[in-house]
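# Structural characterization, general
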Amino acid sequence: VNYHLRTIAHNTMLVRDPSETWPRIRAGRVTGNDGGQHHAWPHHNGAVVDARAWQSTRTLHDIADIVAFEDRREYLYVAGDCSRAYSPKKLEYFTRQIVFIRPGTFIVFDRIKSRSPSFRKTWLLQAMAPPQSEGRTWSSRMGRAGCSSKRCCPKTRRCAWRAATTCTATTASRIRRANPGGLLRSAASRSPPPDLRSSTTSFTS
């Protein structure tokens, strides 16, 4: 409940407002603030039985837009506006643009603005194996499959990897003592991580 259904378990952005709270999920209590998307769905995870039911509560479920799409021989481009998926109290806007340059290159460009500059922002990339980093480049391999990524911006922030087997720790010191795994956090970040129930790989800038 407090990990795999939450935003932190997906490849998106976190914006942490320390005062934000969430309702119950699948009859389970939400115990941590992961900085993720908000929800006020009548059903436990936002599901509806058909299109008519979705339309009847559209303001709850219609929380993102595809604002551009283009498919050419050499590339595929898509742009989305995810602003409504997050609480308007903490987020002004969040857009993501993705370019797929065939056969195997992705470019992801995010624009995000929080209501307060103090709200910590984290870019998430889930990996099956702990990534290895060198400067702004990191890579992860699992058998014959692999992914190599390069952070193009921001260029001025100093970032460092922090490893953790699990996110059940309630203090930053306990997280920093954990050794194998893959939690990537900003070297400038000093606030405790949320009390979550599994591990993830993230990048805070």
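Residues numbered from 1 in each chain as written. Predicted model: local features only at pLDDT ≥ 70, side-chain atom pairs only at ≥ 80, totals over all residues. Heavy atoms only, no water.

## Some remarks on the environment of Thr 57
Rule in force here: Strands are runs of DSSP state E lasting at least 2 residues, helices are runs of H or I lasting at least 4, and numbering of each runs from the N terminus. Polar contact is the term for a pair of N or O atoms within 3.5 Å; when the atoms are in protein, one must be able to donate a hydrogen and the other to accept it, and sequence-neighboring residues count only if both atoms are side-chain atoms.
The topology assignment puts Thr 57 in the loop between helix 1 (51-56) and helix 2 (58-61). Within the local environment of Thr 57, its side chain forms a polar contact with the backbone oxygen of Ala 53, the two atoms lying 3.2 Å apart.

## What to know about the sheet that holds strand 9 (residues 145-150)
Using the following cut-off: Two strands pair under a simple rule: DSSP has to find at least two bridges between them. Lines are fitted to the C-alpha atoms to define the axes, a helix being fitted only along its stretch in contact, and any angle between axes, read from their N-to-C directions, falls within 0 to 180 degrees.
Taking strand neighbours across the sheet as the criterion, the 3 strands line up as 7-8-9 in an open arrangement whose pairing is antiparallel. Where the open sheet ends on each side, the last strands, each with one partner, are strand 7 (132-134) and strand 9. Going across the sheet, the axis of each strand differs from the next one's by a mean of 15 degrees, ignoring polarity. Examined bridge by bridge, strand 7 and strand 8 (residues 137-142) share 3 bridges and lie antiparallel to one another. Bridged to Ser 133 within strand 8 is Trp 138.

## Things to note about the packing of aromatic side chains
Describing an aromatic ring pair means giving the distance of the ring centres and the angle of the ring planes. How we decide: Each aromatic pair joins two rings of Phe, Tyr and Trp (for Trp, the six-membered one) with centres within 6.5 Å, and gets the label stacked for planes under 30 degrees apart, edge-to-face for over 60, and tilted for any other angle.
Evaluated as defined, the whole model comprises 3 aromatic pairs. Plain terms: the ring middles of Trp 123 and Trp 138 are 6.3 Å apart, the flat faces sit at 75 degrees to each other, and that makes the pair edge-to-face. On the criterion of sequence distance, the pair formed by Trp 123 in strand 6 (residues 120-124) and Trp 138 in strand 8 is long-range, its members being 15 residues apart.

## A closer look at the nonpolar core
Using the following cut-off: As used in this record, nonpolar core signifies buried Ala, Val, Leu, Ile, Met, Phe, Trp, Tyr and Cys residues forming a set joined through side-chain atoms within 4.5 Å. Partly exposed residues are those whose accessible area sits between 20% and 50% of the maximum for their type, while under 20% is buried and over 50% is exposed, using a 1.4 Å probe and protein chains only. When checking whether two residues touch, look at their non-hydrogen atoms; a contact exists if any pair is within 4.5 Å.
Membership of the largest hydrophobic core is limited to 7 residues, which are Met 13, Val 15, Ala 85, Tyr 86, Leu 91, Phe 94 and Phe 119. Looking at this core, the elements with two or more residues in it are strand 1 (13-16) and strand 4 (91-101). Not counting chain neighbours up to four residues away, the residues in contact with Phe 119 comprise Val 15, Arg 16, Asp 17, Pro 18, Lys 89, Lys 90 and Ser 114. Counting 5 residues, the second-largest nonpolar core is a separate cluster that includes Tyr 3, Ile 8, Leu 14 and Leu 124.

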